[in-house]
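# Chain and residue survey
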2 protein chains.
Amino acid sequence: MDSDYGLPRELSDLQKERALYQPDLPPCLQVLVLPSVDLFETGTTVRVDFGDGTTTTDPAGAHVISQAFPHTYGLPLAHFLRATSKVPDAQIITEHPPIRVGIVFSGRQSPGGHNVIWGLHSALKIHNAKSILLGFLGGTDGLFAQKTLEITDEVLSSYKNQGGYDLLGRTKDQIRTTEQVNATMAACQALKLDGLVIIGGVTSNTDAAQLAETFAVAKCTTKVVGVPVTLNGDLKNQFVEANVGFDTICKVNSQLISNVCTDALSAEKYYYFIRLMGRKASHVALECALQSHPNMVILGEEVSASKLTFFDITKQLCDAVHARAKQEKYHGVVLIPEGLVESIPELYALLQEIHGLHGQGISADNISDYLSPWASALFEFLPPFIRKQLLLHPESDDSAQLSQIETEKLLAYLVEAEMNKRLKEGTYKGKKFNAICHFFGYQARGSLPSKFDCDYAYVLGHICYHILAAGLNGYMATVTNLKSPVHRLLRSNASKFLIEDIYRNPGPLQFDGPGADAKTFTLSVEDQDYMGRIKLLQEYLEKVKSIVKPGCPQDVLKAALSSMASITEVLTVMASSSFNSQGPL
Amino acid sequence: MDSDYGLPRELSDLQKERALYQPDLPPCLQVLVLPSVDLFETGTTVRVDFGDGTTTTDPAGAHVISQAFPHTYGLPLAHFLRATSKVPDAQIITEHPPIRVGIVFSGRQSPGGHNVIWGLHSALKIHNAKSILLGFLGGTDGLFAQKTLEITDEVLSSYKNQGGYDLLGRTKDQIRTTEQVNATMAACQALKLDGLVIIGGVTSNTDAAQLAETFAVAKCTTKVVGVPVTLNGDLKNQFVEANVGFDTICKVNSQLISNVCTDALSAEKYYYFIRLMGRKASHVALECALQSHPNMVILGEEVSASKLTFFDITKQLCDAVHARAKQEKYHGVVLIPEGLVESIPELYALLQEIHGLHGQGISADNISDYLSPWASALFEFLPPFIRKQLLLHPESDDSAQLSQIETEKLLAYLVEAEMNKRLKEGTYKGKKFNAICHFFGYQARGSLPSKFDCDYAYVLGHICYHILAAGLNGYMATVTNLKSPVHRLLRSNASKFLIEDIYRNPGPLQFDGPGADAKTFTLSVEDQDYMGRIKLLQEYLEKVKSIVKPGCPQDVLKAALSSMASITEVLTVMASSSFNSQGPL
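Residues numbered from 1 in each chain as written. Chains lettered and ligands numbered in written order. Predicted model: local features only at pLDDT ≥ 70, side-chain atom pairs only at ≥ 80, totals over all residues. Heavy atoms only, no water.

## Observations concerning the packing of helix α8 (residues 246-267) of chain B against helix α9 (residues 283-292) of chain B
All names here are of chain B. This is how the line gets drawn: Interaxial angle, 0 to 180 degrees, is taken between N-to-C directions of lines fitted to C-alpha atoms, where a helix line uses only the stretch in contact. For helices the rule is a DSSP run of H or I covering at least 4 residues; for strands it is a run of E covering at least 2, with both sets numbered from the N terminus onward. Here the word oblique covers every angle except those under 35 degrees (roughly parallel), over 145 (roughly antiparallel) and from 65 to 115 (roughly perpendicular). Left-handed is the label given to a crossing in which the near helix is rotated counterclockwise from the far helix by less than a right angle, and right-handed is the label when the rotation is clockwise. We call two residues in contact whenever any of their non-hydrogen atoms come within 4.5 Å of each other.
Where α8 meets α9, the closest approach of the two axes is 9 Å, and the angle between their N-to-C directions is 50 degrees. The angle between α8 and α9 falls in the class oblique. α8 and α9 meet at a crossing whose hand is right-handed. Of the residues in α9, those in contact with Phe246, Ile249, Cys250, Asn253, Ser254, Ile257, Ser258 and Cys261 of α8 are His283, Val284, Glu287, Cys288, Gln291 and Ser292.

## Some words on the domain arrangement of chain A
To be explicit about the condition: Residue ranges for the domains originate in an automatic or database domain assignment.
Per the domain assignment, the segments making up chain A are domain 1 (13-26 + 96-244 + 449-476), domain 2 (246-338 + 405-446 + 486-524) and domain 3 (530-570). Each of domain 1 of chain A and domain 3 of chain A has a C-alpha centre, and the two are 41 Å apart.

## A short note on the relation of the copies chain B and chain A
Using the following cut-off: Alignment of the copies relies on least squares applied to C-alpha atoms, considering only residues that score at least 70 for pLDDT in both.
Between chain B and chain A, the superposition needs a rotation of 180 degrees and an axial shift of 0.0 Å, giving an RMSD of 0.1 Å. Both chain copies can therefore be described as sitting about a two-fold axis. In this assembly, 100% of the residues forming the interface of chain B have copies in chain A that are likewise at the interface, indicating an isologous arrangement.

## Observations regarding the interface of chain B and chain A
Here is the rule we go by: Buried area adds together the accessible area that both of two parts lose upon being put together, with accessible area traced by a 1.4 Å probe. Here, a salt bridge means any side-chain nitrogen of Lys or Arg that lies within 4 Å of a carboxyl oxygen of Asp or Glu. Two N or O atoms count as a polar contact when they lie within 3.5 Å, although within protein this holds only if one can serve as hydrogen donor and the other as acceptor, and sequence-adjacent residues are included solely when both atoms are side-chain atoms.
Facing the 60 residues of chain B at the interface are 60 residues of chain A. Between chain B and chain A lies a buried interface of about 4,800 Å² when both sides are counted; carbon and sulfur atoms form 50% of it. The interface formed by chain B and chain A contains 4 salt bridges. At the boundary of chain B with chain A, the tally comes to 18 residue pairs in polar contact (both at pLDDT 80 or more). Elements with a minimum of two residues in the side of chain B that touches chain A: α1 (13-19), α8, β12 (435-440) and α18 (442-445) of chain B. At 10 residues, the largest contribution of residues to the side of chain B that touches chain A is made by α8 of chain B.

## A short note on the pattern of salt bridges
Our working rule: Partly exposed describes any residue whose relative accessible area lies between the buried limit of under 20% and the exposed limit of over 50%, with all areas from a 1.4 Å probe on protein chains only and scaled to the type maximum.
Inspection of every chain in the model, using the stated rule, returns 40 salt bridges over all chains. The partner of Arg108 of chain B in a salt bridge is Glu338 of chain B, with the nearest N and O atoms 2.8 Å apart. One end of the pair, Arg108 of chain B, is in the loop between β4 (100-106) and α3 (113-127); the other, Glu338 of chain B, is in the loop between β11 (332-337) and α12 (340-343), and 230 residues separate them in sequence. Comparing Arg108 of chain B with Glu338 of chain B, the two get one shared label, buried. Among the ionic pairs, Asp141 of chain B bridges to Lys172 of chain B, the shortest N-O distance being 3.3 Å. On the criterion of sequence distance, the pair formed by Asp141 of chain B in helix α4 (residues 139-144) and Lys172 of chain B in the loop between α5 (153-156) and α6 (178-190) is long-range, its members being 31 residues apart. On the basis of relative accessible area, Asp141 of chain B is assigned to the partly exposed category, the value being 32%. Look at the salt bridges and you will find they share partners, linking Lys315, Asp319, Glu418, Lys421, Arg422 and Glu425 of chain A into a network.

## A closer look at the sheet that holds strand β1 (residues 46-53) of chain B
All names here are of chain B. To keep it simple, the criterion reads: DSSP calls a pair of strands paired once it identifies at least 2 bridges connecting them.
Read from one edge of the open sheet, 3 strands run β2-β1-β3, paired in antiparallel fashion. Lying at the two open borders of the sheet, with one neighbouring strand each, are β2 (76-82) and β3 (91-93). Ignoring strand direction, the axes of neighbouring strands in this sheet form an average angle of 35 degrees. Alignment of β1 against β2, held across 6 bridges, turns out to be antiparallel. Residue pairing in the sheet places Val48 in a bridge with Phe80 of β2.

Okay, structure coming up:
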């Protein structure tokens, strides 16, 4: 082994205490010691309830997807329930033969990733001590090269509830080319894997879905399972309520943003432009803004929707600085998602041209000569530091190298130029604008995971096992009903936040006491628990069914029939495409 | 009031809990409810023990300093003791007439600053409810303009144990020019202040010393007291063991550095160059290195002592990268103190030239035309971004604007260039060198203060009161014997840290449980407790005195005389200048 992956680590006192923390399992996954131990292996007895076949979020895409994924499209939702749950047709899984499972990190490290491995290992060993879990060393490169480390309790001991991906590491974060897919299949076959678990975000789970289909076509017996682990928080939809790592990242970043806000209030002389890691979507920036109440946050989705240009955004920022100066305020905090650069139409077009030229094999040094006149004019307008960053080779998912493009510096530069211009023209009469720029990302994603992420990841690891024990391929592990019992209502405070400084400081990440169990605001908002509400609906339907049985009074039947007829009619209309064009989130 | 200073703040749950935390006082400052309450005001009864007159750390400077500070040089050390302490000649302070005190923030905000105000307010009110504490709004600018806020329990309620300086704010951080000193004296007289407390670092406490002398000369009755509050940790000597804020800053930074180390281990593809706020001295970098074990740390003091040039440092870094590459390691973490730029001889000389030209009123745009040929050659060699930063106007203490000079980027740039050269020449055969740069400072100094800083600052506030109650001018408040009972020995692990990755992660700042009471390593090292050891010596002397009394046996007297004669002789030689040229730390 030529790297440090999987070596035992020396832990600090706090890390040691965290290593002893045992996450809770939901009741359905808890180990039951049954009286008739001869009937079952000691372990959880889980029922699987297969729900309706799933479809695409956008019905327009259903046809294309179903054609591309003939073996894995439309599979039924699988719910894991307590053995004693009274759900008709639920299938009890009693057989737990030993199985061999491989697990790999693919994508940006996200706090909690190690606990998925721990949870899966724990579930495997509880059900059959002869089961084997192999970790691939060095991410997908290790998968292609069949470099493995057998996961044991000893190996896990200094990685339980710890941050980073250093138990197994990550490298290419891609299983896409024919060569990569073939190498993966060869690895699964050579290692006799019953299951392959891929820990990652949007791109890696897309790769996992494609891999599952390819394996099914090739009659490869290895089942593929994906786990939503991504600090970006962008693998969210009606099925996946949360992503492992998002909670921690938002808490660590919010602490730092709040410290900067306090700093701004103390000296009142700087504007802080803070760019936040989180890829294209602005989930991290949104959550951090809800946690820490900075003066402004620019959301990529809003910029896209309003088709704001660079100059529009600069003008908005300058007008805000101007308005604050009228109140004698020369400080402020502005959050910027790292993906903003791809949300601004003209910059996105420029990046597309650059990436196209990269694809044609043109070297970065020469690309500017090949740009279209329009793109070239924009490129030449930009300051040199950002030009160099825009010319970087795109990432494995064809997006720009967002972590390397200092959008916050570009905006600060443009705002400073514009404010100086207004000062010179006499339209602005305040003090000189001064900005300090930050990029928060690397310093958060290696953090000790929060309690939420420890628990969530561990439970997802257990679920991976049950998916494999049920023989399912092309599934993703999720947990529902994560939201807080108390829903908080969010109001638009934008103009208050802009002018008044109502900064909020959640403080450093705690594992006990106030704040230790705080959930992210975005998880606490109403109507998040899609699956829970579907379950509730099914309970209503069952109730009606149990009331309206042969022998029930005529008027009950009549009322039920009339109500159900009208509901069915309304829902049929609503489910037609015209209503459905809008996504569920 | 045209700013937000002193407004009540909305606190998060964790902040609320912290606001309820009551720091402990050392026994000598605790409130004693005495049986004879008619004799004393209810409050602490403190004895003041005046020790020897103090001198300068460097005896060579004593003469110059004594001439410049005729009224305040050589004042005796004042110890505050329990009323019951058996120290001969200690003076009991029983009178506590109402007094009026002003307090001002001067210098970079440092976690715990608010608790000095709270401690002073609490001590004032315990001893006489009619005493008044006035906070100057907007730092020294507010002092000159006599803008005050009366400190009350209500005002303090949302600032107790909270970070930042936003209760009063800070601005110019300077009381130096004749105009500034006169404005300060005018403010003290107009507001009838018995005392002025200045909260700040090296520069502000130097200003405070000068102010005390000036007030003494002018027979201004306001007494000046300084408090060592600086995240830089550089106001340390045999009397001042620790600075308020240093503990917190090192803990917050160490957490972030450790997260970055974990990140480096997980993806193994980047070198992280992290610059740390802390001014000229490298105390913060040293402490953070001891906490988190990065691969390398460059200490300004070592660079100065060895007169390393930029090229020497670059070469050292490249050789380290090279050595790690031979072990297939392409990641690493390097800490750089922000003051490094002033420790490198040729850059310091260049900065001195630039500052000299600033002083002559030459604008930044034209300075490069006026540089000496040698300085000009260096200047032109540097990349444009750093040139712009070096040209910034110097700070109030004539140092460069260290927070704005991206030394970490300059080093990463030079290392990359050199590694690319070695790659081209074939002397280096590893992967391409990739660096990510960070500056940690603003995101730490607004943090909630650690328990240590909460306690230490609060106690210092109490001591400020006792200094004023004793009628002393030109004193600084300190607390001794802060170090941990268990001393840790530090070993030089540099080569192990460099190649092996023995990163350590103290985790996020905690207020309970493991790590909450951890002290900084630099405070835990042996022979730190200078004042405690002086006390111990005095106890030995007293013991000898009490044994060798008239009536003691002849042989006891003989042994004592002979021993003391030889000790006195040795110490006389050692105390002569030849031995003493070296500083105490």
